[in-house]
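# Descriptive structure summary
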Amino acid sequence: MTERPGAGRRQRSLNVAESVRYDLADGVATIGLNRPDAMNSLTAETKTALRAAVERARDDSAARAVILTGSGRAFSAGQDLREHAANLEAGRGLDGTIQDHYNPIVLAIARMPKPVIAAVNGVAAGAGFSLALACDFRIASEKASFATAFTRIGLAPDSGLSWTLQRLVGRARATELLMLAEPVRAAEALELGLVNRVVPADRLDAEARELAERLAAGPTAAYGAVKTALDHAATADLADALAKEAELQDACAATADHANATKAFLKKEQPVFEGR
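What you see is a predicted model; the values in this text were computed from it and never measured.

## A closer look at the packing of aromatic side chains
With the rule as written, the count across this model stands at 1 aromatic pair. Ring geometry for F129 and F146: centres 5.5 Å apart, planes at 50 degrees, overall tilted. Of this pair, F129 sits in helix α4 (residues 127-134) while F146 is found in strand β9 (residues 145-147), placing the two residues 17 residues apart along the sequence. With respect to class, F129 is no different from F146; both count as buried. Lying across the ring of Y22, R56 places its NZ or CZ 4.2 Å from the centre.

## Concerning the side chain of R64
Turning to its location among the elements, R64 is positioned in the loop between α1 (44-59) and β4 (65-70). It is D257 that comes nearest to the buried, bridge-free R64 among opposite-charge side chains, at 4.8 Å.

## Digging into the pairing of strand β2 (residues 20-25)
Every regular strand shows the same layout, with side chains that alternate between the two sheet faces. Within β2, 5 of the 6 residues are buried, leaving the element largely enclosed by the surrounding structure. In this sheet, strand β3 (residues 28-33) lies alongside β2 in antiparallel orientation, the contact comprising 6 bridges. The residue of β3 that forms the bridge with Y22 is I31. Where β2 folds back on β3, the antiparallel hairpin that results is connected by 2 residues, among which D26 adopts a positive phi of roughly 50 degrees.

## Considerations on the nonpolar core
Counting 49 residues, the largest nonpolar core has I31, F146, L165 and L194 as its most contacted members. Other than its neighbours up to four places away in sequence, F146 contacts V120, A124, F129, A140, E182, P183, V184, A189 and V195. Membership of the second largest hydrophobic core comes to 13 residues, among which are V28, A119, I139 and A216.

## Here we look at the pattern of salt bridges
What the rule picks out here adds up to 12 salt bridges. Across the pair R51 and E55 runs a salt bridge whose closest N-O atoms are separated by 2.9 Å. With R51 and E55 both in helix α1, this residue pair falls 4 residues apart, about one helical turn. Note that R58 is salt-bridged to D59, the shortest N-O span being 2.8 Å. R58 gets classed as partly exposed once you look at its relative accessible area, which sits at 32%. Given the relative accessible area of 56%, D59 is considered exposed. Three or more residues joined by partner-sharing salt bridges are found here, namely R173, E176 and E188.

Each value, and the rule that gives it
Residues numbered from 1 in each chain as written. Predicted model: local features only at pLDDT ≥ 70, side-chain atom pairs only at ≥ 80, totals over all residues. Heavy atoms only, no water. Phe/Tyr/Trp six-rings, centres within 6.5 Å; stacked < 30°, edge-to-face > 60°. Helix = DSSP H or I, 4+ residues; strand = E, 2+ residues; numbered from the N terminus. Buried < 20%, exposed > 50% of the residue type's maximum accessible area, 1.4 Å probe, protein only. Lys NZ or Arg CZ within 6 Å of the ring centre and 35° of its normal. Lys, Arg positive; Asp, Glu negative; His and termini not counted. Salt bridge = Lys/Arg side-chain N within 4 Å of Asp/Glu carboxyl O. Pairing = 2+ DSSP bridges. Core = buried A, V, L, I, M, F, W, Y, C linked by side-chain atoms within 4.5 Å. Contact = heavy atoms within 4.5 Å.

What follows is the structure in structure tokens.
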């Protein structure tokens with residue numbers, strides 16, 4: 001069996017900042033929010049570090065799949081309200097955090113040209129919920145819960161939640177979840193289609209890792225094209241969608257992975273994808 005580039009080799013873990021950890025091993029970049037005592041709530045420093053980590057995973061050709069998760073009992077409780085309250089007291093309001101932090105992070109995740117998995121280990125609320133929905137896959141611990149949270153403090157949704165949520169559950173249910181802001185447990189999240197699967201808490205890391213390694217061994221360019229095609233088709237008419245598919249198919253057809261996989265098929269062999 002031919003070994004894919006980077007397989008079996010672990011690169012050292014690095015902290016982008018104390019509040020965000022970044023690990024790259026066997027083609028999988030793992031980004032971990034690391035403020036467990038604060039339920040991985042998001043300060044300006046954490047958001048800056050998270051954006052840097054996401055962009056690092058995006059730009060690193062050795063990273064062919066990404067896991068986003070949290071430490072402790074939360075995925076992320078969203079905005080750090082202590083920092084937010086201080087900004088309000090100082091007259092700074094939202095302090096530009098939506099435009100400067102949340103929007104770029106969500107776009108970087110959604111436009112990542114490789115698969116992104118949210119391993120939701122606990123509470124995902126507010127912007128934390130938004131971050132999970134920006135990912136391509138969501139694997140939830142049976143201890144996970146989800147809450148829109150925004151209206152509970154008199155705010156509108158942000159970080160893409162108004163866009164992603166209704167596409168997953170429909171407008172009527174999205175309106176209910178956003179306005180009432182009641183928590184959704186893992187089992188109900190699965191029924192609603194908010195997550196792909198629910199697993200025992202002690203299996204979450206292994207399940208997310210198994211899926212990430214499977215994706216990391218796959219045709220990276222084709223996965224990126226799937227994401228682009230779906231995003232484009234969500235707001236395009238059929239003719240535009242067909243044109244975009246043709247453009248993406250031409251690009252994928254020019255990859256070494258496609259050529260090698262075609263040869264392998266004719267030889268009745270399993271293809272080995274190298275991500276190029």
